[in-house]
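In case you want the letters, here they are:
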Amino acid sequence: MALPVVFPEKHHLHVPDGEIWVGVRIEGTELPARGDVIADALTRTGYRLQPPQPIDDSALHAVHAPELVDFLRTAWKRWQQSGYPKDPGQGQVVPYAFPLTAITSGRQPRRPVSIGALTGMFAMDTMTLISEGTWEAARDAAAAALTAAGLVAGGERAAYAAVRPPGHHAGSSFYGGACYMNNAALAADRLRTAGMSPVAVIDLDAHHGNGTQEIFYATDGVRYGSVHIDPAAGYFPHWLGFADETGEGAGSGANLNLPLAPGSGDEIWLEAVRQLVDFSSGSRSLVVSLGVDAWMTDPESPLQVSVDGYRTAGIMLGKRELPTVIVQEGGYDLTMLGELVVAFLAGFQMAAS
Ligand code: SP5
Ligand code: ZN
């Protein structure tokens, strides 16, 4: 099986100058080199990369509020026109105040005039900076995921969107966790509207995909299952990813979280993947949120999954023989990123062919 790979070259326009973590600027790990490393590894392995088909912003409204899309599209420019780049000397969009529901006694907060305050209405953290090219890159990543989903809706057995920035922390009306637009959710929605529901989104990223969960939490056409580092052990996204989040309303029972203790390795992780494969049974198509940050020495997660672990996960998901869109999420060890992705895809293709 020749696996189509969609690669958004504009990813390199997203160059956040570090991230603000606990109030301190640190280097950050969601770097442009990630995209290049993955593209190089794929090319060397013999995959052919194709560009995304352009999209209108309205395509993003399938899973995102127009207010969020408008904010992200205009935020950098509005920030430049504000005084912040000069005084206090911040050139990137970063929130400083957040309208917690408790502040307004649960009432909808009104829209502030200041772009600094407005940012707090959409950002879930301070780590996810918006620089000059962020929007163009995020939009191209979304377009790549939609293109891959379009290929699968059109009859391809599977397609891989080799994107950055990642997407699974971004929800219907918020961004964060290095994510802006939810690429995997857009792909799942595309499959659903193509008549391929129920769609199962299986999230292998080391972190819980709180955005994807939120988008489909009360929806019956898309179920969401994730294995990730236990938020109760102190990990991002901290407030979501617990086992008792099982969906609500029409989505009752259609959400499965499998949080793992720090240090969990292949045996425990693959048993969780097996449960996710079971959870996907009865669905007619699949979206894999392929984060490879569960890798042993990834700087963002204490899980201990090996290259073989990712290959085996690829085999397990490939065996489902469902139309499948694979979407890149995290993975931050630049020396291993390419190998991990290639191992998963090799396992997937071996089982699927
Ligand atoms: C898509 C994805 O994998 N997003 C990951 C976001 C998790 N970021 C948590 C960051 C916490 C601060 N990182 C400092 C690393 C010190 N080892
Ligand atoms: Zn992650």
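Here the structure is a predicted model, which means the values were calculated and not measured.

Enquirer: Looking at this structure, I do not really get the overall build of the chain. What am I missing?
Expert: Scanning the chain from N- to C-terminus turns up nine helices and 10 strands. What you see for the chain is a C-alpha radius of gyration of 19 Å, in line with the 20 Å of a compact globule of 353 residues. Dimensions of the chain along its principal axes, counting C-alpha atoms only, are 55 × 45 × 40 Å. Expressed as a percentage of the 353 residues in the chain, the buried residues total 57%. Accessible surface, the chain: about 14000 Å² in total, of which carbon and sulfur atoms supply 54%.

Enquirer: Even after reading the chapter, I still don't get the coordination of the zinc ion (ligand 2), so can you show me in this structure?
Expert: Six octahedral donors around a metal ideally subtend angles of 90 or 180 degrees, whereas four tetrahedral donors ideally subtend 109.5 degrees. The protein atoms that coordinate the zinc ion (ligand 2) are Asp205 (OD), His207 (ND1) and Asp293 (OD), at distances spanning 2.0 Å. Around the zinc ion (ligand 2) sit four donor atoms; with metal-centred angles ranging over 99 to 131°, the donor geometry is tetrahedral. If you list the donors of the zinc ion (ligand 2) from N- to C-terminus, the spacing comes out as D-x1-H-x85-D. Taken as a pair, histidine 207 in the loop between β6 (199-203) and α6 (210-216) and aspartate 293 in the loop between β9 (285-290) and α8 (307-318) lie far apart in primary sequence, 86 residues in all. Residue classification places aspartate 293 among the buried positions, given a relative accessible area of 0%.

Enquirer: It is not clear to me how the sheet that holds strand β1 (residues 5-6) should be interpreted in this structure. Could you clarify?
Expert: The pairing of strands in a sheet happens through backbone hydrogen bonds and is either parallel or antiparallel. The strand order β4-β1-β5-β10-β9-β6-β7-β8 describes an open sheet built from eight strands, whose pairing is parallel. Edge positions in the open sheet fall to β4 (49-50) and β8 (255-260), since each of these has one partner strand only. Judged from the two bridges that link them, β1 and β4 form a sheet pairing that is parallel. Residue valine 5 lies in a different strand from β4, and its bridge partner there is leucine 49. In this fold helix α5 (residues 183-193) packs onto β6, β7 (222-229), β9 and β10 (324-328), with an angle of close to 175° to the strand it touches most, β9.

Enquirer: Just to check I follow, could you spell out a nonpolar patch on the surface for this structure?
Expert: A contiguous nonpolar patch, built from Trp21, Val22 and Val24 and spanning about 340 Å² of accessible area, is present on the exposed surface. The class of valine 24 is partly exposed, set by a relative accessible area of 47%.

Enquirer: Sorry if this is basic, but what is going on with the site of ligand 1 here?
Expert: The environment of ligand 1 is formed by 14 residues, the closest being Trp21, Gly177, Asp293, Glu300 and Tyr332. A distance of 3.1 Å separates a nitrogen atom of ligand 1 from a polar atom in the backbone of glycine 177. At a separation of 3.3 Å, a nitrogen atom of ligand 1 approaches a polar backbone atom of proline 299. Relative to its free-state accessible area of 500 Å², ligand 1 is covered by the protein chains to the extent of 79%.

Enquirer: Which parts of the structure should I look at to understand the pattern of salt bridges?
Expert: Per the stated rule, a full pass over the model turns up 12 salt bridges. A salt bridge links lysine 10 to glutamate 136; the nearest nitrogen and oxygen atoms lie 3.7 Å apart. Placement of the pair is lysine 10 in the loop between β1 and β2 (19-21) and glutamate 136 in helix α4 (residues 134-153), with a sequence separation of 126 residues. Using a relative accessible area of 37% as the deciding quantity, one classes lysine 10 as partly exposed.

How each quantity is defined
- Counting restarts for each chain, with residues numbered from 1 along the sequence as it is written.
- To read the labels, note that chains go from A and ligands from 1, taken in the order they are written.
- Where local features are concerned, this predicted model is filtered to residues with pLDDT of at least 70; where side-chain atom pairs are given and counted, the filter is 80 or more; whole-chain, interface and lining totals use all residues.
- The side-chain quantities take in all heavy atoms of the structure and omit both hydrogens and water.
- In DSSP terms, a helix is any run of H or I states spanning at least four residues, a strand is any run of E spanning at least two, and both are numbered starting from the N terminus.
- To get the radius of gyration, use the C-alpha atoms; to get the globule rule, take the number of residues to the power 0.38 and multiply by 2.2 Å.
- Only protein chains enter the calculation, and the probe is 1.4 Å; a residue is then buried if its accessible area is under 20% of its type maximum, exposed if over 50%, and partly exposed in between.
- For the accessible areas, the method is Shrake-Rupley and the probe is 1.4 Å, while residue cover comes only from the protein chains on display.
- The rule for donors is simple: an N, O or S atom within 2.8 Å of the metal counts, and for Na, K and Ca the reach is 3.2 Å. Water is not among the atoms, so a site may look short of donors.
- Geometry is assigned from the angles between donors: four donors with all angles from 85 to 135 degrees make a tetrahedral site, four or six donors whose opposite pairs exceed 155 degrees while the rest stay between 65 and 115 make square planar or octahedral sites respectively, and everything else is labelled irregular.
- DSSP bridges decide pairing: two strands pair if at least two such bridges lie between them.
- By definition in these notes, contact holds between two residues if any of their heavy atoms fall within 4.5 Å.
- Here, axes are lines fitted to C-alpha atoms. For helices the fit covers the stretch in contact, and angles between N-to-C directions go from 0 to 180 degrees.
- Each patch is built from residues lacking any salt bridge and having more than 30% relative accessible area; the joining distance is 9 Å for like charges and 5 Å for nonpolar side chains (Val, Leu, Ile, Met, Phe, Trp, Tyr).
- In what follows, salt bridge is the name for a side-chain nitrogen of Lys or Arg lying within 4 Å of a carboxyl oxygen of Asp or Glu.
- Near residues are defined by distance, with any heavy atom within 4 Å of the molecule or strand qualifying the residue.
- Two N or O atoms form a polar contact when they lie within 3.5 Å of each other; inside protein one atom must be a possible hydrogen donor and the other a possible acceptor, and for residues adjacent in sequence the pair counts only when both atoms belong to side chains.

Without other data, these values stay purely geometric and don't point to any function.
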